[in-house]
Amino acid sequence: LTVSKATALKSTLTVTGATKLNSTLTVADGKATVLGGTLQVKQGATLDSTLAVTGTSTLTGAVTMGNTLAVGGATLLSSTLDVVGATYLQSTLKVDGAVTLNSGVTISGILKVSNDTNATSTTTGAFQVVGGVGIGKDLWVGGLANIKGATTLQSTLSVTGNTSLAGTLTVT
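These notes cover the structure that comes with them. What you see is a predicted model, and the numbers here were worked out from it, not measured in a lab.

Rules and cut-offs
Residues numbered from 1 in each chain as written. Predicted model: local features only at pLDDT ≥ 70, side-chain atom pairs only at ≥ 80, totals over all residues. Heavy atoms only, no water. Helix = DSSP H or I, 4+ residues; strand = E, 2+ residues; numbered from the N terminus. Buried < 20%, exposed > 50% of the residue type's maximum accessible area, 1.4 Å probe, protein only. Lys, Arg positive; Asp, Glu negative; His and termini not counted. Charge placed at Lys NZ, Arg CZ, Asp CG, Glu CD. Salt bridge = Lys/Arg side-chain N within 4 Å of Asp/Glu carboxyl O. Polar contact = N/O pair within 3.5 Å; in protein donor to acceptor, adjacent residues only side chain to side chain.

**Some remarks on the overall build of the chain**
A tally of helices and strands in the chain yields zero helices and zero strands. Each principal axis of the C-alpha distribution contributes one length, and for the chain these read about 105 × 25 × 25 Å. Burial statistics for the chain: of 172 residues in total, 1% are counted as buried. Looking at charge distribution, the chain has the averaged site of its 9 positive side-chain charges lying 13 Å from that of its 6 negative ones.

**With respect to the pattern of salt bridges**
With the rule as written, the count across this model stands at one salt bridge. The partner of lysine 94 in a salt bridge is aspartate 96, with the nearest N and O atoms 4.0 Å apart. The exposure class assigned to lysine 94 is exposed, which follows from its relative accessible area of 68%.

**Describing the environment of threonine 7**
A relative accessible area of 53% places threonine 7 in the exposed class. Separated by 3.1 Å, the side chain of threonine 7 and the backbone oxygen of lysine 5 make a polar contact.

**What about the environment of asparagine 115?**
When its relative accessible area of 44% is taken as the criterion, asparagine 115 is described as partly exposed. It is 8.6 Å that separates the C-alpha atoms of asparagine 115 and glycine 125, two residues lying 10 residues apart in sequence. Side-chain polar atoms of asparagine 115 contact the side chain of threonine 117, separated by 2.6 Å.

Laid out in structure tokens, this is it:
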């Protein structure tokens, strides 16, 4: 069958063998189109509306989306997820591996470190900071406070309980 001019089909087109389209396939007027087998696209494809996929889909190669990607179930990414722009998570982010953050982090809730590794130096313990630490409010330490290096107190020192000094106490 060779058709050389525009053709309108008023009913169903059924093809039982392989079909090759050498130009654009346009599905218009909001009508549903069902493919019962594999759709293989060897060049680019543009969708101007919703693509609903039921079942497993495999996309090999780059996929570009100009709008929202909505996924209703679990999503497995087996390689790098590179996000350009702000990202909003509406629930818990669970990471089973290491995390590297290359910029500042702002946390508006409580930051809790649940690892209970004790510290014996500046490079051990559950929470390690390479640079300085600025604390805007009170600091409570539940165990021994070891301070390596000179200590400057810019206000009154108040001691409750027994006090031991090893070395010379100089009062100026």
